[in-house]
Amino acid sequence: MLVLSSPSGAGKTTISRRLLELEPQLALSVSATTRAKRPGETAGVDYHFVDPTEFNLMINRSEFLEYAKVFDNYYGTPKAQVAREIARGRDILFDIDWQGTQQLAHNAREDLVSVFVLPPSTRELERRLHTRAQDSAEVVAKRMAKAADEMSHWAEYDYIIVNHDIDSSVESVRAILRAERLRRQRQIGLTDFVKGLREGQ
Ligand SMILES: Nc1nc2c(ncn2[C@@H]2O[C@H](COP(=O)(O)OP(=O)(O)O)[C@@H](O)[C@H]2O)c(=O)[nH]1
Ligand SMILES: Nc1ncnc2c1ncn2[C@@H]1O[C@H](COP(=O)(O)OP(=O)(O)O)[C@@H](O)[C@H]1O
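Residues numbered from 1 in each chain as written. Chains lettered and ligands numbered in written order. Predicted model: local features only at pLDDT ≥ 70, side-chain atom pairs only at ≥ 80, totals over all residues.

(A) Quick peek at the overall build of the protein chain. Of regular secondary structure, the protein chain possesses eight helices and nine strands. Against the compact-globule benchmark of 17 Å for 201 residues, the protein chain has a radius of gyration of 18 Å, which places it among compact chains. The contacts of the protein chain with a sequence gap of at least 6 include a subset with a gap of at least 24, amounting to 67%. (Helix = DSSP H or I, 4+ residues; strand = E, 2+ residues; numbered from the N terminus. Rg over C-alpha atoms; globule rule 2.2 N^0.38 Å. Contact = placed C-beta atoms within 7 Å.)

(B) Quick peek at the site of ligand 1. Lining the immediate surroundings of ligand 1 are 18 residues, of which Ser8, Ser31, Ala68, Tyr75 and Gly100 lie closest. Breaking the shell around ligand 1 down by element, the ones donating at least two residues are β5 (64-70), β6 (73-78) and α4 (98-108). In terms of residue count, the dominant contributor to the shell around ligand 1 is β5 (four residues). Among the residues forming the shell around ligand 1, the class breakdown is five nonpolar, nine polar and four charged. (Near = placed C-beta within 6 Å. Nonpolar A, V, L, I, M, F, W, Y, C, P; charged D, E, K, R; others polar.)

(C) Summary view of unusual backbone geometry. One non-glycine residue, serine 62, lies in the positive phi region at around 55 degrees. Here serine 62 lies in the loop between α2 (52-60) and β5. One non-glycine residue, phenylalanine 71, lies in the positive phi region at around 55 degrees. Position of phenylalanine 71 relative to the elements: it lies in the loop between β5 and β6.

(D) Fine view of the sheet that holds β5. Taken in spatial order, the four strands of this open sheet run β4-β3-β6-β5, and their pairing is mixed. Two strands close off the open sheet at either side, each with one partner strand: β4 (47-49) and β5. For this sheet, the mean inter-axis angle between neighbouring strands, taken without regard to orientation, is 25 degrees. As paired strands, strand β3 (residues 31-33) and β6 are joined by two bridges and run antiparallel to one another. Each residue of the ladder has a partner; that of alanine 32, found in β6, is glycine 76. Helix α3 (residues 79-87) contacts β5 and β6 of the sheet and is inclined by roughly 30 degrees relative to β6. (Pairing = 2+ DSSP bridges. Axes fitted to C-alpha atoms, helices over the stretch in contact; angles between N-to-C directions.)

(E) Quick peek at the nonpolar core. Of all hydrophobic cores here, the largest spans 21 residues; its most connected members are Leu2, Val3, Leu4, Phe94, Val115, Val117 and Val173. Only β1 (2-5), β7 (91-95), β8 (113-118), α5 (122-132) and α7 (166-181) provide two or more residues apiece to this core. With four residues, the top contributor of residues to this core is β8. Once residues lying within four places of it in the same chain are set aside, the contact partners of valine 117 are Leu4, Ser6, Ala10, Gly11, Lys12, Ile15, Ile161 and Asn163. Formed by six residues, the second largest nonpolar core is a distinct cluster that contains Phe55, Phe64, Leu65 and Tyr67. (Core = buried A, V, L, I, M, F, W, Y, C linked by C-beta atoms within 7 Å. Buried ≥ 20, exposed ≤ 12 C-beta atoms within 10 Å, placed from the backbone.)

(F) View of the sheet that holds β8. The parallel open sheet is built from five strands, whose spatial order is β2-β7-β1-β8-β9. Each edge of the open sheet is held by one strand with a lone partner, namely β2 (26-28) and β9 (159-162). In this sheet, neighbouring strand axes are inclined to one another by 25 degrees on average, regardless of whether the strands run parallel or antiparallel. As paired strands, β8 and β9 are joined by four bridges and run parallel to one another. Paired with valine 115 across the strands is tyrosine 159, a residue of β9.

(G) Local environment of the UniProt feature "domain: Guanylate kinase-like" (unreviewed entry) in the protein chain. Those places that UniProt annotates as "domain: Guanylate kinase-like" (unreviewed entry) correspond, in this numbering, to residues 1-178. The annotated region residues 1-178 carries 44% helix and 23% strand content, and the separation between its end C-alpha atoms amounts to 13 Å. (UniProt positions renumbered as here; feature names shortened; annotations may be inferred.)

Pasting the structure below:
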């Protein structure tokens, strides 16, 4: 389970989309949210857009692996898709905030790799939020005001990437993914493989 978090506008969605194109063994966990769809977003691909009543029903039916309130909306990770991807042997990418990351770490620390994406500067963060041009001035101001709060959680993450250049940030996440896949405990069947080698096979 690979988690990418960042203050809004630092670039995690852009990094995630590129990663998914380049890494066929990686699947995105599609969250449910009560926030409105942005231009360019597709329902069921970027998010499952649901109303607050439906979100509450999902909570009551225990359908979430984790959920949290971020800004003025609710966001949650549906369990079913994650279970399906794990059963297929794929890795899963989560674009979730620090609250969700803490909940996943609490339940499955060994299976979790977390990456926090920082902007190169506050000015650049604000510029990116404006150039994305998909939120109202009021929403941008709210997201800027929350950025310092969100960034205070950087030290809870395994890896930190300062997103200067998009290509090198994507390559950095790919390097993390590659190294983490090589970890001894993640290589299934290794004990038998080495046993065979020692027996001369
Ligand atoms: N805990 C949690 N956070 C989520 C989930 N989905 C999205 N988020 C976070 O909610 C925040 C707002 O997301 P969004 O409205 O798409 O704006 P963005 O940060 O500009 O991409 C981001 O920090 C996301 O990482 C989820 O399922 N659970
Ligand atoms: N390294 C980068 N350099 C310049 N612009 C970037 C970079 N990474 C992302 N952006 C731009 O910044 C804006 C916010 O990025 P986005 O991926 O939506 O952020 P987040 O998902 O963290 O809120 C988008 O317009 C995106 O194209």
